[in-house]
Amino acid sequence: MNASYPEGRLGVGARVLRTTGLYTVAAWGAALGAPELLPSFGLDDDVYVRWVAIVAAASVPIVAVSAWCWERAQGAPSPATTAPSPSPTLAMDPTVAATGRAAVSVQWRGELHHFSQDLVMGRAPSCALHLDDPQISRRHAAIEFRRGRWVLRDLGSRNGTRLDGKLIDGEAPLGATARIDLYEGGVPLVVHTGIGGDTTVSDSAG
């Protein structure tokens, strides 16, 4: 019964043994032929013959170690060719893929704002969604569209950002409807992304 070894530890060992065996046969042949070959170069002393045999024998472990290192280096995966695995939470939604539109609406203090692009919310007047509240940071959080999903990202705010009651660590994907709290006891923001729903939005903020 023939045994086949996969590429791995056994495969590397077999190739190393093969390389070492080939060298050993070649070295043994050189040692046997030295008494006849060396005199043609004017080296007819027995000392040279013995040195050829000693060097050939001593080189066997060196060849084995070199072959092992070479095989291990050839079998190591290249990090440059390893493709990163896609994030399962940011898969393209069928509705967005079919319509090609990305839209989000945010309701705060009874006012509804529509956006079709990324937005920053905070106390600063330059924010796309200006929230006039002293407890809210100047640039508190952002809502960004990535690969078919809206994502909520905290911008290093003082009081943190909570999504559906849970404090987010960096960022988190938004569902069709979500509640955002920018500090405890504050007026929440209700977000409708339109992904998986029937939200209709305009192309301008405000």
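These figures come from a predicted structure and were not determined experimentally. (Residues numbered from 1 in each chain as written. Predicted model: local features only at pLDDT ≥ 70, side-chain atom pairs only at ≥ 80, totals over all residues. Heavy atoms only, no water.)

Student: Go over the pairing of strand E10 (residues 177-181), please, and point to the residues and values.
Tutor: Summarising the sheet, strand E7 (residues 162-163) and E10 pair through two bridges and their orientation is antiparallel. Its bridge partner lying in E10, Leu163 is registered against Ile180. In the sheet, E10 pairs with strand E11 (residues 189-192) via four bridges, with the strands oriented antiparallel. Following the sheet pairing, Ala178 is matched in E11 by Val191. (Pairing = 2+ DSSP bridges. Helix = DSSP H or I, 4+ residues; strand = E, 2+ residues; numbered from the N terminus.)

Student: Quick rundown of the sheet that holds strand E3 (residues 119-122)? Include the residues and the values.
Tutor: Spatially, the five strands line up as an open sheet ordered E4-E3-E5-E6-E9, and their pairing is mixed. The strands lining the two open edges of the sheet, one partner per strand, are strand E4 (129-130) and strand E9 (171-173). The pairing of E3 with strand E5 (residues 141-146) spans three bridges and is classified as antiparallel. Bridge pairing in E5 places Leu119 opposite Ile143.

Student: Describe the environment of His113, naming the residues involved and giving the relevant values.
Tutor: With respect to the helices and strands, His113 occurs in strand E2 (residues 111-115). Residue His113 is classed as buried on the basis of its relative accessible area of 13%. For the pair His113 and Leu129, spaced 16 residues apart in the sequence, the C-alpha separation amounts to 8.0 Å. (Buried < 20%, exposed > 50% of the residue type's maximum accessible area, 1.4 Å probe, protein only.)

Student: With reference to specific residues and values, describe the side chain of His140.
Tutor: In this structure, His140 sits in the loop between E4 and E5. Setting aside residues no more than four positions away along its own chain, His140 makes contact with Met121, Gly122, Asp154, Leu155, Ser157, Gly160, Thr161 and Leu182. (Contact = heavy atoms within 4.5 Å.)

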